[in-house]
Amino acid sequence: MTKPRVNGSLLPNYMGRQVCLLGMAKNVDSSGNFFTLTTSDNQDVRIQMQQPLDVHVAGLTEVHGQVASRNSVTCENVVVFSDEATEKFDMALYQKALELTQRCSNHYIQGGIMED
């Protein structure tokens, strides 16, 4: 299933749908049930885990999950990037890329079947 890349401001447009959300993790619950992700447009999104986290979550983090409300996502998969990737990642450039893919969505095709 295709998971469009979104930022915090776009979440209300994807209610109940699967998305990919990238940002900086913070405020990780001590039980591992939720954390906050600050997205590329500086929105704080609550990430609710289906199962408690079994990895240390900090820095640049990608969440795949279902939009539960205008500022929360139920996480199905989490990818935590290295400290080096976190330091080198250009969040402002990523935000510009998201804006471009939203404006020109017919030129940015996500998913599909690869042919030989």
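The rules behind these values
Residues numbered from 1 in each chain as written. Predicted model: local features only at pLDDT ≥ 70, side-chain atom pairs only at ≥ 80, totals over all residues. Heavy atoms only, no water. Helix = DSSP H or I, 4+ residues; strand = E, 2+ residues; numbered from the N terminus. Buried < 20%, exposed > 50% of the residue type's maximum accessible area, 1.4 Å probe, protein only. Contact = heavy atoms within 4.5 Å. Pairing = 2+ DSSP bridges. Core = buried A, V, L, I, M, F, W, Y, C linked by side-chain atoms within 4.5 Å.

Asker: Run through the environment of Leu53, naming residues and quoting values.
Answerer: Here Leu53 is to be found in the loop between β4 (44-49) and β5 (59-69). Residue Leu53 is classed as buried on the basis of its relative accessible area of 17%. Linking Leu53 and Asn33, residues 20 residues apart in sequence, is a C-alpha distance of 6.6 Å. Residues contacting Leu53, with those up to four places away along its chain left out, are Val28, Gly32, Phe35 and Val78.

Asker: Any chance you could break down the pairing of strand β3 (residues 34-39) for me, citing the residues and the numbers?
Answerer: For β3, the tally of buried residues reaches 5 of 6 residues, placing the bulk of the element in the interior. Pairing between strand β2 (residues 18-26) and β3: 4 bridges, direction antiparallel. In the strand pairing of β3, Met24 is matched with Thr38. Sheet topology note: the β3/β4 ladder contains 5 bridges and is antiparallel. Following the sheet pairing, Phe35 is matched in β4 by Ile47.

Asker: Tell me what's going on with the nonpolar core, and back it up with residues and numbers.
Answerer: Within the largest apolar cluster, 19 residues are counted, with the highest numbers of intra-cluster contacts made by Phe35, Ile47 and Val63. Within the residue set of this core, elements represented by two or more residues are β2, β3, β4, β5 and β6 (72-80). Core analysis: the second largest hydrophobic core is formed by 5 residues, Leu22, Met91, Tyr94 and Leu98 among them.

Asker: Run through unusual backbone geometry, naming residues and quoting values.
Answerer: In most cases, non-glycine residues show a negative phi, while peptide bonds are predominantly trans. Here the phi dihedral of Asn27 falls at roughly 50°; this positive angle occurs in a residue that is not glycine. Looking at the element boundaries, Asn27 is found in the loop between β2 and β3. Overall, Asn27 belongs to the exposed group, its relative accessible area being 54%.

Asker: Any chance you could break down the environment of Ala25 for me, citing the residues and the numbers?
Answerer: Within the element layout of this structure, Ala25 appears in strand β2. The buried category is assigned to Ala25, whose relative accessible area is 13%. Distance in space between the C-alpha atoms of Ala25 and Asp44 is 9.5 Å, their sequence separation being 19 residues. Among residues more than four places away in sequence, those in contact with Ala25 are Phe35, Thr36, Leu37, Val57, Ala58, Gly59 and Thr61.

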